[in-house]
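Below, each chain spelled out in residue letters.
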Amino acid sequence: RRRLRRCGEQIPGPRPLPLIGNLLDVGFNPKKLFDVGLRLQDQFGNTIRLWAGSFELIVNLMDPRDIEVLLAKNNNLKKSFQYDFLHSWLGLGLLTSTGERWKKHRKIITPTFHFTILEQFVKVFNKQGDVFISVLQKMEGGPPFDITPLVDLYTQDVICETAMGVELHAQTEKYASSYLKSVRDMCEIYVKRSTSPWLYPQHVYNLSSYYRRERKILKILHGMTNEVIKRRKRQLDEDPTLLEENVDELGRKRKLAFLDLLLRASRNGIELSDEDIREEVDTFMFEGHDTTASAISFALFELSQRPDIQEKVFNELKEVTSDNDSQYLSLDFEHLNKLKYLEQVIKETLRLYPSVPMFAREITEEVRLASLPVDIPPGVTVTVVPALLHRNSEFYPDPNVFNPDNFSQEAASKRHPFAYVPFSAGSRNCIGQKFAMLEMKSILAKIIWNYSLQVDPTFEMELIPEITLKSNDGVRLSVIRRI
Ligand code: HEM
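The structure contained in this document is the topic of the report that follows. (Residues numbered from 1 in each chain as written. Predicted model: local features only at pLDDT ≥ 70, side-chain atom pairs only at ≥ 80, totals over all residues. Heavy atoms only, no water.)

Let's shift gears to the sheet that holds strand β3 (residues 145-146). Judged by pairing direction, the sheet is antiparallel, and its three strands sit side by side in the order β3-β11-β8 without closing on themselves. If you trace the sheet from one side to the other, it starts and ends with β3 and β8 (451-455), each paired once. Bridge count between β8 and strand β11 (residues 476-481): five bridges; the pairing is antiparallel. Note that in β11 the partner of Leu-453 across the bridge is Val-479. (Pairing = 2+ DSSP bridges. Helix = DSSP H or I, 4+ residues; strand = E, 2+ residues; numbered from the N terminus.)

Another point: the pattern of salt bridges. In total, this model carries 28 salt bridges according to the counting rule given. A salt bridge links Asp-276 to Arg-101, with the shortest nitrogen-to-oxygen separation between them at 3.1 Å. Separated by 175 residues along the polypeptide, Asp-276 in helix α13 (residues 274-305) and Arg-101 in helix α6 (residues 99-109) bring together distant segments of the chain. The exposure class assigned to Arg-101 is partly exposed, which follows from its relative accessible area of 24%. Here Arg-232 makes a salt bridge to Asp-260, at a shortest N to O gap of 2.7 Å. Within this pair, whereas Arg-232 is found in helix α11 (residues 209-238), its partner Asp-260 is found in helix α12 (residues 258-267), the two being separated by 28 residues in sequence. Residues joined in a network through salt bridges with shared partners are Arg-184, Asp-290, Glu-466 and Lys-470. (Salt bridge = Lys/Arg side-chain N within 4 Å of Asp/Glu carboxyl O. Buried < 20%, exposed > 50% of the residue type's maximum accessible area, 1.4 Å probe, protein only.)

Of the protein atoms, Cys-430 (SG) alone serves as a donor to the iron atom of the ligand, at 2.3 Å. Within the secondary structure layout, Cys-430 lies in the loop between α18 (409-414) and α19 (433-450). (Donors = N, O, S within 2.8 Å, 3.2 Å for Na, K, Ca; no water.)

Taken together, the four strands give an open sheet; going across it, the order is β1-β2-β7-β4, and neighbouring strands pair in mixed fashion. With one partner strand each, in any of the chains shown, β1 (47-52) and β4 (359-362) form the two edges of the open sheet. Recorded for the sheet is a direction-independent mean angle of 25 degrees between the axes of neighbouring strands. Pairing analysis gives four bridges linking strand β2 (residues 56-61) to strand β7 (residues 381-384), with the strands arranged parallel. Bridged to Leu-61 within β7 is Val-384. Contacts from helix α1 (residues 2-10) reach β1 and β2 within the one sheet, and its direction differs from that of β1 by about 135 degrees. (Axes fitted to C-alpha atoms, helices over the stretch in contact; angles between N-to-C directions. Contact = heavy atoms within 4.5 Å.)

Before going further, it helps to spend a moment on the packing of aromatic side chains. Taken as a whole, this structure holds 17 aromatic pairs when the rule is applied. Between Phe-258 and Phe-284, the aromatic rings sit 4.2 Å apart at their centres with planes inclined by 35 degrees, giving tilted as the arrangement. Of the two residues, Phe-258 sits in helix α12 while Phe-284 sits in helix α13, which places them 26 residues apart along the sequence. Grouping residues by exposure puts Phe-258 and Phe-284 together as buried. Between Phe-301 and Phe-459 the ring centres are 5.8 Å apart and the planes differ by 75 degrees, which places this aromatic pair in the edge-to-face class. (Phe/Tyr/Trp six-rings, centres within 6.5 Å; stacked < 30°, edge-to-face > 60°.)

This brings us to the site of the ligand. Surveying the vicinity of the ligand reveals 28 residues, the closest of which are Tyr-83, Trp-102, Arg-106, Arg-428 and Cys-430. Here a nitrogen atom of the ligand and a side-chain polar atom of Glu-287 are 3.0 Å apart. Side-chain polar atom of Arg-428 to an oxygen atom of the ligand: 2.9 Å apart, as the coordinates give it. At the level of elements, α6, α13 and α19 are the ones that each hand at least two residues to the shell around the ligand. Top contributing element to the shell around the ligand by residue count: α13, with five residues. Within the shell around the ligand, the residues separate by chemical class into 17 nonpolar, seven polar and four charged. (Near = heavy atom within 4 Å. Polar contact = N/O pair within 3.5 Å; in protein donor to acceptor, adjacent residues only side chain to side chain. Nonpolar A, V, L, I, M, F, W, Y, C, P; charged D, E, K, R; others polar.)

Right, let's talk about the environment of Asp-146 for a bit. By secondary structure assignment, the location of Asp-146 is in strand β3. Residue Asp-146 is classed as partly exposed on the basis of its relative accessible area of 25%. Along the sequence, Asp-146 and Thr-116 sit 30 residues apart, while their C-alpha atoms lie 35 Å from each other. Setting aside residues no more than four positions away along its own chain, Asp-146 makes contact with Asp-473, Gly-474, Val-475 and Arg-476. At a separation of 2.8 Å, a polar atom in the side chain of Asp-146 contacts the side chain of Thr-148. Only 2.9 Å separates the side chain of Asp-146 from the backbone nitrogen of Val-475, close enough to count as a polar contact.

Here we come to a positive patch on the surface. Together, Arg-212, Arg-215, Lys-216 and Lys-219 make up a positively charged patch on the protein surface. Summarising the element assignment, Arg-215 is placed in helix α11. (Patch = residues over 30% accessible without salt bridge, like charges linked within 9 Å, V, L, I, M, F, W, Y side chains within 5 Å. Areas by Shrake-Rupley, 256 points an atom, 1.4 Å probe, with all protein chains shown as cover. Lys, Arg positive; Asp, Glu negative; His and termini not counted. Charge placed at Lys NZ, Arg CZ, Asp CG, Glu CD.)

This part is about helix α16 (residues 340-352). Across its 13 residues, α16 extends 19 Å between first and last C-alpha, which sits within 8% of the 18 Å expected from 1.5 Å per residue. Of all the 13 residues making up α16, 11 are buried; the element is thus mostly covered by neighbouring parts of the structure. What α16 keeps buried is the set Tyr-341, Leu-342, Glu-343, Gln-344, Val-345, Ile-346, Glu-348, Thr-349, Leu-350, Arg-351 and Leu-352. (Expected span 1.5 Å × (residues − 1).)

Functional significance is not addressed by these values, which are geometric in nature.
Structure representation (structure tokens):
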């Protein structure tokens, strides 16, 4: 404890109070967390110390050199204790687990994001994107509306059909929205607990109204994932050839998608219990849809403000798909890889609105910071805050202005590589980042191909850093048909 105290004293941060630490500085309103972060960064710089209560030392890193030290060495892979609050929902899935269990599961799951599988998934992105466009048609030419619920349903359909092999029809049938509402509620409870140190001890939390709400929400969340697993198992029982790794038309060994691979591994004697599988499915259902939904919605928001950027995206689409004039623009893997300007738009979106605004590790092996002559001892929580790092004017001129040119090859090559970490970095980086980029490109391309987006002048964005970054009132815009 003395080492923690000494470390805390060496790092700038607001003065802590007895028992509550810096609780009052951070505040109790999750909607204000983003503004609080900006204010603290202004006052204390890029490395900030906070105390959660008297004993939990949290060091927030926003200097790329420190972030490199933490992430590139791969010796501090343990998630911080705040991730334990997700165990009741996500168990010990890839996001929340640690040590040998994490290593084993990461090794099993990594091949399911091989590019040959991603190539197959592009067909699903197209199919579900076409459903999205047909739903959007109903809004054509009408008044501004919130597009985020439609985007959420699209990404939910995509993750279910690609990773789980189950067609959900979330976009066209209403029942799936109770899962999405429960995800939001669960994220809200998580943030509340993380910013309320008196709710950290499980026995105290169990007495709270949040815990009672959580129990009800978990029934819906786990009910959904159990149903998905049950449906896929039924399909596999009916057609066992689905689990065979046969050879495709180009002579390549066909790879299995996520859930099939887990089910086959457990049938072939690799130790994966039904519970292990459910926890991974819960993790991928959540991480695989909520993150991309945020990014797509924020991209649409920024594009609605910038007709000039929409035009550039549209022109690039015309170039890349010179013979494609149908309403349902169909983009294959090669097309998507050629959409370099759209990629810059998405990267810039993730700069201003990183879907995961903050992530954290518990230090297990002492780390010497690069920005300050300070050693961080084991036991300290260290956070990386892309939401603040990415808005630092030291690395981005006009940091609050949406400018895809920040990701031209030239601009990106001049920046410190760890000044941009929307997918984290090192061996615990985002396993789904290539999947995410293809999915986001595919749907944004379809939308811009069909519609010009128009801003709602009355709409004001208020950011809330939940587990994923959200806009409090969604994203309001209107859509006008192009062709
Ligand atoms: C715009 C989209 C996405 C962003 C910005 C994003 C960002 C991130 C970040 C920052 C992390 C590290 C989190 C931490 O250390 O706590 C992460 C981890 C993870 N992501 Fe993503 N993600 C995205 C999409 C996806 C998708 C589509 C999937 C699945 C298909 C996915 C699955 C995961 C998983 C399983 C982990 C945990 C990896 C591990 O610890 O080994 N993500 N993601």
